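The primary structure of each chain is shown beneath.
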Amino acid sequence: MSAYLLCFILFCIGLYCILRKRNIIKIVIGLGIVEYAVNLFLVLIGYRWRGRAPILAKGREILNMVDPLPQALVLTSIVIGLAITALIVAIAMRIYEKYGTFDITRIRRLKG
Amino acid sequence: MMLPLFVIIPLGAAFLISLLGKKIEKIPDVLANSATLILLALSLHSFVLVKAYKTLVYKVGGWIPPIGICMVLDGLASFMLITVNLVSFFVAVYSVNYMRRYTDKWKFYTLLMLMLAGMNGIIITGDLFNLFVFLEIASIASYALVAFGTEAEELEASFKYAIMGSVASSFILLGIAMLYSYTSTLNMADMANILTQKSQTGILPFVSVLFLMGFGLKAALVPFHAWLPDAHPSAPAPISAMLSGVLIKVLGVYAMMRIFFNVLGVSQAVSSIIIFLGVVSMLIGVFLALAQWDFKRLLAYHSVSQIGYVILGLGLGTPFGILGGLFHLFNHSVFKSLLFLNSGAVVYALHTRDLQDMSGLRQRMPVTANTNLVASMSIAGIPPFNGFWSKLMIILGCIQTGRFGYALCAVAASLLTLASFMKVQKYAFFGKLNEKWETVKEVPLAMRFSMIGLAVICMAGGILILPVFKPFLQLAVDVLMAGREYAQAVFAAVR
């Protein structure tokens, strides 16, 4: 149970980072923390206490195995997270070229 | 079986365009347009199939559904496929001329095709995690497309959109993970079955809130709408048309409705929250739109407002309300993409989006002005046009269920919409011609073709509620009204 709680706290730290930080690079890092908290949660729900890897071998009986499906999902989710982070960092670099700052409060030409 | 083609064709087109487009100049135009044309034909064919068989299931890799991934084509999916591919066809034709203003046309078409693949995937998938993956494909492509011009404002809008969209995706993934741990399955039909067997609600309320936040942000419902008025105007006009026309509906409204109606089941509390969010977006969207002077930004705020109508109609949960909501979804995707294409035509000719700067364009750009008049009357709900019928059905649906206050709000929002589009007509197209624009010419043929095509659909859209064409909407309504019976329909089609 405490593992889930810590995972939830990690998620909240990420959200806090996105909402409160002014530096756009820190916001991207916050986004990474949120994504990893969700990935961790996915792995946790597949874990069984003292479970083994679900590999079927000859002459071996597996009684208590972890759920392999969330692990496959997490791999997909990590790749998606990488794509998003790469794209956002690229955009952040172009923003720095145009505005000359990473401060989100000074990047506000759009309003209304 | 043609179901996987809806994903394969745009993905393949994206691959070929990115491979060959850089070297051969004509390839991107030809490939993208033929791909969208084939997809339109296939989606119309899918409707014939649905009419005959009701539900079709494709087993990916030959694995039987609760274990393997499946693709499901039913009335609602077919309805959404036709909507998406119709708009994307006209948008692709329009882009042939419009995108000459930008460099690297092939990158544009690659991203457009990826976005289309993601949207078609969301519509036909029957697996919850698969839905998330397609959602991310469509979202990432749209983040990149919003920043396509790489000017300061576009980058800023794209950054905002990307951060908010990614947080929404995280909420959705968290919800999916919780549902998986609760039901031990990811197949939507199987999940609906298991949830029916469990008597207590368990974590469903919490998951519902996560999905409401996630999909609500993708659909730009009011507390989560801040990204839309920045992101949609910043994109190139064809992409604005795609984003406002279909992306927010597929990623937000369709995914939300599919999960809430067919998997989780709509409880009274969720239904009233959805209706309330719909009404609030309807009113706040239109109030904010009234004050805008930027043509595209005004249209973007109207998207928030019109999505409110769709959500209101669907949230009512009665057959009549859902019929109105889905009909308005189709109509809005047609007239809003037409309006954005009009704004693109104005930008193409004038290089400005400021309404105060243009005047009397009717004399120089008759096609743009007339199609814009049709679209404005549709969105404002003037009787013979399609927007009138769907709004009328939504308002009648409200009255039917005794929600008179909400019906009044819908009427008020419609009047304010009319006021704000009268402003557009007065400042942009009627009045005395500004001397600056003496030399302005009408836009090229491909752009005119798209605008006229969409305008014709706007005018003829009302006939969709006649008995002859009724199955198009009615089959989609039946799917949503069936609720968790969806599971039985899917498993019956597997066998």
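Because the structure is a prediction, the values reported are computed rather than measured.

Thresholds applied
Residues numbered from 1 in each chain as written. Chains lettered and ligands numbered in written order. Predicted model: local features only at pLDDT ≥ 70, side-chain atom pairs only at ≥ 80, totals over all residues. Helix = DSSP H or I, 4+ residues; strand = E, 2+ residues; numbered from the N terminus. Rg over C-alpha atoms; globule rule 2.2 N^0.38 Å. Buried ≥ 20, exposed ≤ 12 C-beta atoms within 10 Å, placed from the backbone. Contact = placed C-beta atoms within 7 Å. Expected span 1.5 Å × (residues − 1). Arc of directions from axis to C-beta. Axes fitted to C-alpha atoms, helices over the stretch in contact; angles between N-to-C directions. Parallel < 35°, antiparallel > 145°, perpendicular 65-115°, else oblique. Left-handed = near helix turned anticlockwise from the far one by under 90°. Nonpolar A, V, L, I, M, F, W, Y, C, P; charged D, E, K, R; others polar.

> Can you help me understand the overall build of chain B in this one?
The secondary structure content of chain B amounts to 19 helices and 2 strands. For 495 residues, the compact-globule formula gives about 23 Å, and the C-alpha radius of gyration of chain B, at 21 Å, lands near that figure. A principal-axis box enclosing the C-alpha atoms of chain B has dimensions of 70 × 60 × 45 Å. Among the 495 residues that make up chain B, the fraction classed as buried is 62%.

> What's the story with the overall build of chain A in this structure? I'm lost.
Across its full length, chain A holds 3 helices and 0 strands. Ordered by position from N to C terminus, the α and β elements of chain A give α-α-α. For 112 residues, the compact-globule formula gives about 13 Å, and the C-alpha radius of gyration of chain A, at 20 Å, lies well above that figure. For chain A, the spread of C-alpha atoms along the principal axes amounts to about 65 × 30 × 20 Å. Considering chain A as a whole, with its 112 residues, one finds that 25% of them fall into the buried category. Counting contacts in chain A only where the partners sit at least 6 residues apart, residues at least 24 apart contribute 49% of the total.

> Sorry, what's going on with helix 17 (residues 445-460) of chain B here?
Residue and element names in this part refer to chain B. Helix length check: helix 17 (16 residues) gives 22 Å between terminal C-alpha atoms against 22 Å at 1.5 Å per residue, within 8%. All buried positions along helix 17 are accounted for by M447, S450, M451, L454, A455, I457 and C458. Each buried residue of helix 17 sits inside an arc of 160° when the element is viewed along its axis, so together they form one side. Turned more than 90 degrees away from the buried face of helix 17, the exposed residues are L445 and A460. Those residues of helix 17 hidden inside the fold are in contact with helix 3 (75-98), helix 13 (319-350), helix 14 (366-380) and helix 15 (386-400).

> Hey, could you run me through the packing of helix 1 (residues 2-20) of chain A against helix 2 (residues 24-46) of chain A in this one?
The description of two helices packed together rests on the angle between their axes and the distance between the axes. Residue and element names in this part refer to chain A. Across the interface, helix 1 lies against helix 2 with an axial gap of 7 Å and an inter-helix angle of 160°. The orientation of helix 1 with respect to helix 2, classified from their angle, is roughly antiparallel. Crossing hand, helix 1 versus helix 2: left-handed. Residues A3, Y4, C7, L10, F11, I13, G14, L15, C17 and I18 of helix 1 pack against K26, I27, I29, G30, L31, I33, V34, A37, V38, L40, F41 and L44 of helix 2. Residue composition of the contact of helix 1 with helix 2, by class: 19 nonpolar, 2 polar and 1 charged.

> Please explain unusual backbone geometry as it appears in this structure.
Excluding glycine, residues mostly have negative phi values, and the peptide bonds linking residues are mostly trans. All names here are of chain B. Even without a glycine there, the phi angle at D104 is positive, about 55°. Structurally, D104 is set in the loop between helix 3 and helix 4 (105-124). One non-glycine residue, T150, lies in the positive phi region at around 50°. Note that T150 resides in the loop between helix 5 (128-146) and helix 6 (152-183).

> Help me out: how do you make sense of the interface of chain A and chain B in this one?
How big an interface is tends to be stated in terms of the accessible area lost upon association of its parts. Contact with chain A, which involves 28 residues of that partner, is made by 28 residues of chain B. Elements supplying a minimum of two residues to the side of chain A that touches chain B: helix 2 and helix 3 (68-99) of chain A. For the side of chain A that touches chain B, the element with the highest residue contribution is helix 3 of chain A, accounting for 14 residues. Taken together, the residues of the side of chain A that touches chain B sort by class into 21 nonpolar, 3 polar and 4 charged.

> Is there a simple way to explain the packing of helix 5 of chain B against helix 10 (residues 237-264) of chain B in this structure?
All names here are of chain B. With their axes 12 Å apart at the nearest point, helix 5 and helix 10 run at an angle of 155° to one another. Here helix 5 lies roughly antiparallel to helix 10, going by the angle between them. The element helix 5 and its partner helix 10 pack so that their crossing is left-handed. Counted together, L131, L135, A138, S139, S142 and L145 of helix 5 and I239, L243, L247, L251 and A255 of helix 10 form the full contact between these two elements. The residue inventory of the contact of helix 5 with helix 10, partitioned by class, reads 9 nonpolar, 2 polar and no charged.

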